[in-house]
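# Structural overview for review
Okay, here's what each chain looks like letter by letter:
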Amino acid sequence: MSMSIASTATFAVNKVAATSKVARSAKAAKSRSSVVTRVAAETKTRAPGPLERGGTLEGEKAAGKDAGAAARAAAASSAAATRAANADNAVWSDPRWVNGTWDLSQFKLADGETDWNAVIDAEVVHRKALEDCPAVYDEDGLFDTSIVPWWVWVKRFHLPEAEKINGRAAMVGYAFAYLIDAAGGAGLVDLHQSFLGKTAIFVTVAFCLFVRRLDDLDTLGVLADEATFYDKQWNATWEGKERPSDNK
Amino acid sequence: MDNCKPCGGAIPLCMVGEFDLPEEIIDRKVTKMKMISPSNRAVDVGQTLNDKEYIGMCRREVMDDFLRKRAKSLGTNLVNGLFMKLEDPGQGNGAITIHYNDYEADSKVGEPKTMEVDCIIGADGANSRVAKNIDAGEYDYAIAFQERIKIPDEKMEYYKDLAEMYVGDDVSPDFYGWVFPKYDHVAVGTGTVVNKTAIKTYQAAMRKRAEEKCAGGKIIRVEAHPIPEHPRPRRVQGRVTLVGDAAGYVTKCSGEGIYFAAKSGRMAAEAVVERSENGTKEVDESDLRLYLDKWDRKYWATYKVLDILQKVFYRSNPAREAFVEMCADEYVQKMTFDSYLYKTVVPGNPLDDMKLLGNTVASIVRANALRAAGKSQVNV
């Protein structure tokens, strides 16, 4: 399905910028509170990979084996380097984009329903293309993501993530239930009835919800600092002194 | 006193009323604003304004001159000079001596002079010397870069009462790019805190985004200035206090400072007048702290809300997309303009607020989902 989408949305890049390793690692290392955002410049030119050369097959054998637009975009990516290099060359176009928004009538499935997944795919490519090469358009974009119904978002993005988290919670829960039972403690039903058991279950669920990856622990710490930093800056002048309004 | 301050020049409606500004100093009344997201989604903001509401665009040299002349006519002693340093013998030990270079006689070479004063209100901007003298401390600042471009009349017509705001990683990693109409030209600029060295790259990207709309324009002036991000650690020291940019009273998110500079100046002066009992008593630090406390209590909420908005919505491109999407909502526009034009944080209808919170979270989640899908999609 994604192949057919790739053939309708074209993303022509005349000059493909080589991705410098420096830029990629700078992007990966960027955390929310970091201060340095390096504007990557083209440093070394690597030999173009098969994706950039247009594939390893030729002629008839290559028929219908085009790389998807997103894949080509991914090969050419890395923020500023691409932007700088492709700024004048890249042109995003999609026949289904009409008057600044997606023409939903062109996204119909066989039974007449709108193919929301295709709309999302098209918008993903659109946003990525414009992010990498901010283009100048005559018309203003009008597409609002809220027209895609909530259940499409849930089904496509939330459910896989929920499945993963539930799976982790279940594995942790099963392991601990077994260990506690083996240690002479309560069985599964007793676990749910004791206060300690209920607390433990609650903590586990909360932990799995907020800490999906170990990185999230750092992120939560940073967020906590951020939330109060501005207040500290404002109150700096009152350190050691009392506010007149506090005396009243 | 004849400098031309580099400034966006936007003043809220309440400033015109509170400071009795005449209509002549307002070059343009902006009633429409267009916000443009990284993926070129454009949202028109301003439908909720009534006929009497507008954002005033003014030339700083005109407005500053008017205020100065008015102060003089009310009995102020204007001195055309450059502050060099101050000497404070301490509370109760006599007046403060100001050393300055007087430019009254010759505008090129200043004549060193001194003056004795009872207290000092430092209003000398982001690079304040008064602040340095009293060791007020440093602040983080953004660098704002702006080019004034004279564009052909037909293009200028488009910007008759419209200001544009561009958000995106290409234009600024933590601020926004703008096209503000001035009296016969537009000011195109951008700013950043975290990546000041790349400001020229951001400006180039900003010019590219506004390319079509400013085609055929000529750059007539280039300006850059620092914008404080938070108040200085010590805003008062003995009988000296700071107001405006010198104190660091610039909001986050929008970078607005003119109104707060004027208002803080007024509040500081009022505190001095009140506590010195019309100039009969000596003023000390606790009197000046009265102004600080009043200021903090009155405007803390405004600053905090804008700080939260900046942290949430200027974070990344998906966040900016969500920001622009949210601005399409009428309730958001109404709340934004009410708080900007009248400088009060109005709570509004709690039910609508809950809906707004829900919509905000939904927008951000959707925008992030689209970006995540873009990253992981390798459909070869």
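Under an unreviewed UniProt entry, the name given to chain B is Geranylgeranyl diphosphate reductase, chloroplastic, and the source organism is Micromonas pusilla. The UniProt entry for chain B carries the following comment under Catalytic activity (unreviewed entry): "phytyl diphosphate + 3 NADP(+) = geranylgeranyl diphosphate + 3 NADPH + 3 H(+)". As recorded by UniProt, the Function (unreviewed entry) comment attached to chain B reads in full: "Catalyzes the reduction of geranylgeranyl diphosphate to phytyl diphosphate, providing phytol for both tocopherol and chlorophyll synthesis."

The name given to chain A in an unreviewed UniProt entry is Light induced like protein, with Micromonas pusilla as the source organism. UniProt annotates chain A under Subcellular location (unreviewed entry) with the comment "Membrane".

Looking only at helices and strands, one finds 11 helices and four strands in chain A. Surface exposure of chain A reaches about 15,700 Å², of which carbon and sulfur atoms provide 60%.

Time to look at a nonpolar patch on the surface. Residue and element names in this part refer to chain A. A cluster of nonpolar side chains, Ile201, Val205, Leu209, Phe210, Leu220 and Leu223, forms an exposed patch at the surface whose accessible area comes to about 510 Å². For the nonpolar patch, the elements supplying multiple residues, two or more each, are α9 (195-210) and α10 (215-235). With four residues, the top contributor of residues to the nonpolar patch is α9. Along the polypeptide, leucine 209 turns up in helix α9.

With that settled, the discussion passes to the domain arrangement of chain A. When cut into domains, chain A gives domain 1 (91-148) and domain 2 (158-228). Here domain 1 of chain A and domain 2 of chain A have C-alpha centroids that lie 40 Å from each other.

All names here are of chain B. A complete count under the given rule lists 22 aromatic pairs over all chains for this structure. On the basis of an interplanar angle of 25° and a centroid distance of 5.0 Å, the ring pair of phenylalanine 313 and phenylalanine 323 is categorised as stacked. Of this pair, phenylalanine 313 sits in helix α8 (residues 285-313) while phenylalanine 323 sits in helix α9 (residues 317-327), and the two are 10 residues apart along the sequence. Under the relative-accessibility criterion, phenylalanine 323 is labelled buried at 10%. For the cation-ring pair, arginine 59 lies above tyrosine 183, with the distance from its terminal atom to the ring centre recorded as 3.7 Å. Of note, lysine 343 hangs over the ring of tyrosine 340, and the distance from its end group to the ring centre comes to 4.3 Å.

What counts, and where the lines are drawn
- Residues numbered from 1 in each chain as written.
- Chains lettered and ligands numbered in written order.
- Predicted model: local features only at pLDDT ≥ 70, side-chain atom pairs only at ≥ 80, totals over all residues.
- Heavy atoms only, no water.
- UniProt positions renumbered as here; feature names shortened; annotations may be inferred.
- Helix = DSSP H or I, 4+ residues; strand = E, 2+ residues; numbered from the N terminus.
- Areas by Shrake-Rupley, 256 points an atom, 1.4 Å probe, with all protein chains shown as cover.
- Patch = residues over 30% accessible without salt bridge, like charges linked within 9 Å, V, L, I, M, F, W, Y side chains within 5 Å.
- Salt bridge = Lys/Arg side-chain N within 4 Å of Asp/Glu carboxyl O.
- Domains from an automatic or database assignment.
- Phe/Tyr/Trp six-rings, centres within 6.5 Å; stacked < 30°, edge-to-face > 60°.
- Buried < 20%, exposed > 50% of the residue type's maximum accessible area, 1.4 Å probe, protein only.
- Lys NZ or Arg CZ within 6 Å of the ring centre and 35° of its normal.

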